[in-house]
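Remarks on the overall topology
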Amino acid sequence: MKKLSKLFFIFSLVILGSFSEVSASNAEKEATKETRTLSNAEIKQLKNRVEEIQNLDKSELSWKERREIKKELKEIKKTLDLDSRISISVGALIIIVLLLIIIL
C-alpha cells in the first residue's frame with residue numbers, strides 16, 4: 001500500500017509540474033499577442049495587396065524578391081488571423097472537462 005501511495009504522489013507531482021509549465025508558456029504567448037482589431041478599410045487594403053501579389057508575374061522575380069513576398073504574405077495572414085482567433089487557457093479547459101465529468 002505504501003508503494004501505491006508513493007507512486008500516486010510522484011504521479012501527481014509530475015502532472016502538476018507539466019500543467020504549470022504549459023500555463024506559463026501560454027502566458028508568454030498572450031503577453032506578446034496583439035489585441036487590436038482591424039477596421040474594415042484595413043482588411044480591404046490587406047486583401048487587395050494579396051490579390052496584387054497573386055496577379056504578379058513571379059517568373060521575372062529573383063529569389064530574394066520571392067522570399068520577401070512570401071514573408072509579406074505570412075505577415076498578412078497572421079494579422080488577418082488575429083481577428084478570428086479564440087483562445088482558451090489550459091486551466092479553463094481543465095475546469096470545463098472536470099465539470100462535464102461531474103455533471104455526467
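Residues numbered from 1 in each chain as written. Predicted model: local features only at pLDDT ≥ 70, side-chain atom pairs only at ≥ 80, totals over all residues. Heavy atoms only, no water.

1. Description of the overall build of the protein chain
- What the protein chain contains, in helices and strands, is four helices and zero strands.
- Starting at the N terminus and ending at the C terminus, the protein chain contains elements arranged as α-α-α-α.
- Classification of the 104 residues of the protein chain by burial places 5% in the buried group.
- Contacts spanning at least 24 positions in sequence make up 63% of the contacts within the protein chain whose residues lie at least 6 apart.
- When the accessible surface of the protein chain is totalled, it reaches about 9500 Å², and 63% of it is carbon and sulfur. (Helix = DSSP H or I, 4+ residues; strand = E, 2+ residues; numbered from the N terminus. Buried < 20%, exposed > 50% of the residue type's maximum accessible area, 1.4 Å probe, protein only. Contact = heavy atoms within 4.5 Å. Areas by Shrake-Rupley, 256 points an atom, 1.4 Å probe, with all protein chains shown as cover.)

2. Quick notes on a positive patch on the surface
- Positive charge collects at one region of the surface, where K64, R66, R67, K70, K71 and K74 lie side by side.
- With respect to the helices and strands, R67 occurs in helix α3 (residues 63–84). (Patch = residues over 30% accessible without salt bridge, like charges linked within 9 Å, V, L, I, M, F, W, Y side chains within 5 Å. Salt bridge = Lys/Arg side-chain N within 4 Å of Asp/Glu carboxyl O. Lys, Arg positive; Asp, Glu negative; His and termini not counted. Charge placed at Lys NZ, Arg CZ, Asp CG, Glu CD.)

3. Quick notes on a nonpolar patch on the surface
- On the surface, I88, L93, I96, V97, L98, L100 and I101 cluster together to form a nonpolar patch covering roughly 670 Å² of accessible area.
- In this structure, L98 sits in helix α4 (residues 90–103).

4. Considerations on the pattern of salt bridges
- Going through the model one piece at a time under the given rule, you end up with two salt bridges.
- Here E52 and R49 are joined by a salt bridge, their closest N and O atoms 3.2 Å apart. On the criterion of helical spacing, the pair formed by E52 and R49 is a turn pair, its members being three residues apart in helix α2 (residues 40–55).
- Judged by its relative accessible area of 31%, R49 is partly exposed.
- One salt bridge connects E72 with R49, and the closest N-O pair in it is separated by 2.8 Å. In this pair, E72 is assigned in helix α3 and R49 in helix α2, connecting sequence segments 23 residues apart.

5. Focus: the confidence of the model for the protein chain
- Overall, the prediction assigns the protein chain a mean pLDDT of 75, with 61% of residues at 70 or greater.
- The secondary-structure element of the protein chain with the lowest mean pLDDT is helix α1 (residues 2–32), recorded at 59, while α2 shows the highest, at 89.
- Taken together, the stretch residues 20–24 has pLDDT below 50 and engages in one contact with residues farther than four places along the chain or on a different chain. (pLDDT = per-residue confidence, 0-100.)

6. Re the environment of E42
- Counting through the fold element by element, E42 comes out in helix α2.
- Residues E42 and L80, spaced 38 residues apart in sequence, show a C-alpha to C-alpha distance of 9.8 Å.

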